[in-house]
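Working through the structure, step by step
So the chains spell out like this:
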Amino acid sequence: NAYLFKASNKGATLLSIAAQKGQVEVIKELLQGLSISNEERKAYLYRADKYGETPLHCAAHYGHLEVIKELLQGLSHEERKDYLYMATNDGFTPLYSAACNGHLEVIKELLQGLSHKERVTLLHKTNNDKKTPLHIVASSGKVEIIEELLHGVSAEERVTYLHMVDNEGATP
């Protein structure tokens, strides 16, 4: 299994490259032999390149829903949450990457199964410029994504979320 952890000059593993390209069957094959040791599987899933991107970030960025489902399969609730909270060197979570690129179904999958508190915590995570996913989506005019991000968020929580200021002084 050592070949699985070999990486390109930029730190991308075979899993990251397959996730970026949407190669779900390749991902299934790569992960198949890792089911014996959950720690080994997690180490491979969570492995980030030199930019801090994991395979989940890659799949979310390009909107590969089936890849995301495969990457999250078999993870406990805590492991899934930890994976979703991982941020790149620029502070992008997989949710942020999906929101930036308008991938509604990916956003739904990423938020699925999170408690209300976990969902709100993830929504409040900012990148290095203090922008939340809502900052990005609000400027794109994608109402269905805004609705999904704010689904189940109370009026009080919305007010807090809508008043989050980025480094440029802008709110969503």
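Up top is the structure these notes are about.
Presented here is a report on the structure given in the accompanying data block. (Residues numbered from 1 in each chain as written. Predicted model: local features only at pLDDT ≥ 70, side-chain atom pairs only at ≥ 80, totals over all residues. Heavy atoms only, no water.)

For the protein chain, the helix and strand inventory stands at 12 helices and zero strands. Over its C-alpha trace the protein chain gives a radius of gyration of 16 Å, about what one expects of a compact globule, namely 16 Å for 172 residues. C-alpha atoms of the protein chain, sized along the principal axes, occupy 50 × 30 × 25 Å. Burial analysis of the protein chain (172 residues in total) assigns 43% to the buried set. Counted over contacts in the protein chain with a minimum sequence separation of 6, partners at least 24 positions apart contribute 69%. Looking at the protein chain as shown, the accessible area adds up to about 8,600 Å², and 50% of this sits on carbon and sulfur atoms. In the protein chain, 19 positive and 23 negative side-chain charges are present, and the distance between their average locations comes to 3 Å. (Helix = DSSP H or I, 4+ residues; strand = E, 2+ residues; numbered from the N terminus. Rg over C-alpha atoms; globule rule 2.2 N^0.38 Å. Buried < 20%, exposed > 50% of the residue type's maximum accessible area, 1.4 Å probe, protein only. Contact = heavy atoms within 4.5 Å. Areas by Shrake-Rupley, 256 points an atom, 1.4 Å probe, with all protein chains shown as cover. Lys, Arg positive; Asp, Glu negative; His and termini not counted. Charge placed at Lys NZ, Arg CZ, Asp CG, Glu CD.)

Direction vectors running N to C along helix H4 (residues 55–62) and helix H5 (residues 65–72) enclose 155 degrees, while the axes themselves pass 8 Å from each other. Taken together, the axes of H4 and H5 lie roughly antiparallel to each other. Like other packed secondary-structure pairs, H4 and H5 cross with a definite hand, here left-handed. For the pair H4 and H5, the contacting residues are Pro-55, Leu-56, Ala-59 and Ala-60 in the first and Val-67, Ile-68, Leu-71 and Leu-72 in the second. Residue composition of the contact of H4 with H5, by class: eight nonpolar, no polar and no charged. (Axes fitted to C-alpha atoms, helices over the stretch in contact; angles between N-to-C directions. Parallel < 35°, antiparallel > 145°, perpendicular 65-115°, else oblique. Left-handed = near helix turned anticlockwise from the far one by under 90°. Nonpolar A, V, L, I, M, F, W, Y, C, P; charged D, E, K, R; others polar.)

This next bit is on H5. Val-67, Ile-68, Glu-70, Leu-71 and Leu-72 are the residues of H5 that are buried. Lining the buried residues of H5 we find helix H1 (14–21), helix H2 (24–32), helix H3 (38–46), H4, helix H6 (77–85) and helix H8 (104–111). Taken from the residues just after H5, Gly-74 is the one with a positive phi, measuring 85 degrees.

What follows deals with the side chain of Arg-119. Note that Arg-119 resides in helix H9 (residues 116–124). For Arg-119, a relative accessible area of 10% puts it in the buried group. If we skip the residues at most four places from it in the chain, Arg-119 touches Leu-111, Leu-114, Glu-148, Leu-149 and His-151.

If the charged atoms of two oppositely charged side chains come close together, the side chains can form a pair. A complete count under the given rule lists 10 salt bridges for this structure. Lys-28 is the salt-bridge partner of Glu-25, the closest N and O atoms lying 3.6 Å from each other. Here the residue Glu-25 and the residue Lys-28 both occupy positions in helix H2, the gap between them amounting to three residues, near one helical turn. Across the pair Arg-119 and Glu-148 runs a salt bridge, and its minimum N-O distance is 3.5 Å. Within this pair, whereas Arg-119 is found in helix H9, its partner Glu-148 is found in helix H11 (residues 143–150), the two being separated by 29 residues in sequence. The two residues Arg-119 and Glu-148 agree in class, both being buried. Each member of the salt-bridge network shares a partner with another, and the members are Glu-39, Lys-42 and Glu-79. (Salt bridge = Lys/Arg side-chain N within 4 Å of Asp/Glu carboxyl O.)

We now examine unusual backbone geometry. One non-glycine residue with positive phi stands out, namely Lys-130, at about 65 degrees. For Lys-130, the location among the structural elements is in the loop between H9 and helix H10 (133–140).

We now examine the packing of aromatic side chains. A complete count under the given rule lists two aromatic pairs for this structure. Above the face of the Tyr-85 ring, Lys-125 is positioned so that its terminal group lies 5.1 Å from the ring centre. (Phe/Tyr/Trp six-rings, centres within 6.5 Å; stacked < 30°, edge-to-face > 60°. Lys NZ or Arg CZ within 6 Å of the ring centre and 35° of its normal.)

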